[in-house]
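The primary structure of each chain is shown beneath.
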Amino acid sequence: GGGGGAAMADGEGLVSVDYEVFGKVQGVFFRKYTQGEAKRLGLVGWVQNTSHGTVQGQIQGPAARVQELQEWLRKIGSPQSRISRAEFSNEKKIKALEHKEFQILK
């Protein structure tokens, strides 16, 4: 942490980034844990399984928090998952969040 004040994070802008996680990430509660971690960090977006065995989605929120979730997706994931790699794309600054919450999509 560090720093006080409940000002809306103007200093660090909001960002949006797409992600795809490769490895053993389906059938190991990966989406549920990703949603939990995103909510803990106060992020919005979505997560879903793909037909080719990966997990993909989008993250939006304050840049520093988004970075934390990116590190989590790279290295930690759910307890039973085995992440081989995570790819991030379409990273951009946004003026406002485009999602209300972090959802698991079917």
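Summarised in this report is the structure supplied together with it. Per chain, the residues get numbers from 1 upward, laid out in the order the sequence is written. A pLDDT threshold of at least 70 governs which residues receive local features in this predicted model, and a stricter bar of 80 or more applies before side-chain atom pairs are shown or counted, although totals over entire chains, interfaces and linings include all residues. In computing side-chain properties, one takes all heavy atoms of the structure into account and sets aside hydrogens as well as water.

## Details of the packing of aromatic side chains
By convention here, two paired aromatic rings are described through the distance between centres and the angle between planes.
Phase 1: Note on aromatic pairs: the rings of Phe, Tyr and Trp (six-membered ring only in Trp) are paired at centre separations within 6.5 Å, and the planes decide the class, stacked below 30 degrees, edge-to-face beyond 60, tilted for the rest. Going through the model one piece at a time under the given rule, you end up with one aromatic pair.
Phase 2: Between phenylalanine 30 and tryptophan 72, the ring centres sit 6.1 Å apart and the planes meet at 50°, which makes this aromatic pair tilted. Here phenylalanine 30 is found in helix α1 (residues 30–41), whereas its partner tryptophan 72 is found in helix α2 (residues 63–75), with 42 residues between them in sequence.
Phase 3: Put simply, a charge is over a ring when the Lys NZ or the Arg CZ is close to the ring centre, within 6 Å, and near the line of the ring normal, within 35 degrees. Sitting over the face of the ring of phenylalanine 22, arginine 85 holds its NZ or CZ atom 3.9 Å from the ring centroid. What counts as a helix is a DSSP run of H or I of at least four residues, what counts as a strand is a run of E of at least two, and both are numbered from the N terminus.

## Some words on the packing of α1 against α2
Phase 1: At a minimum axis separation of 10 Å, α1 and α2 run at an interaxial angle of 155°. As far as their axial angle goes, α2 and α1 are roughly antiparallel. When the axes of α1 and α2 are compared, the crossing they make is right-handed. Counting all contacts with α1, which are made through Phe30, Tyr33, Thr34, Glu37, Ala38 and Leu41, the residues of α2 involved are Arg65, Glu68, Leu69, Trp72 and Leu73.
Phase 2: Three residue categories are used. Nonpolar comprises Ala, Val, Leu, Ile, Met, Phe, Trp, Tyr, Cys and Pro, charged comprises Asp, Glu, Lys and Arg, and polar comprises the others, including Gly. Taken together, the residues of the contact of α1 with α2 break down into seven nonpolar, one polar and three charged. All axes are obtained by fitting lines to C-alpha atoms, using only the stretch in contact for helices, and the reported angles, taken between N-to-C directions, cover 0 to 180 degrees. Reported orientations rely on four angle classes, namely roughly parallel under 35 degrees, roughly antiparallel over 145, roughly perpendicular from 65 to 115, and oblique for the rest. Crossing handedness is defined as follows: a turn of the near helix away from the far one that is anticlockwise and smaller than a right angle gives a left-handed crossing, while the clockwise case is right-handed. Any pair of residues with heavy atoms lying within 4.5 Å of one another is described as a contacting pair.

## Considering the sheet that holds strand β5 (residues 102–104)
Phase 1: Strands qualify as paired when DSSP identifies two bridges or more between them. Taken in spatial order, the five strands line up as β4-β1-β3-β2-β5 in an open sheet, and their pairing is mixed. Two strands lie at the open edges of the sheet, namely β4 (82–94) and β5, each paired on one side alone. Strand-to-strand twist in this sheet, taken as the mean axis angle between neighbours without regard to direction, amounts to 15°.
Phase 2: In the sheet, strand β2 (residues 44–49) pairs with β5 via three bridges, with the strands oriented parallel. Bridge pairing in β5 links tryptophan 46 to glutamine 103.
Phase 3: Sheet contacts for α1: β1 (14–24), β2, β3 (55–62), β4 and β5; angle to β5, the most-contacted strand, approximately 175°.
Phase 4: Sheet strands touched by α2: β1, β3 and β4. Its angle to β3, the strand with the most contacts, is close to 155°.

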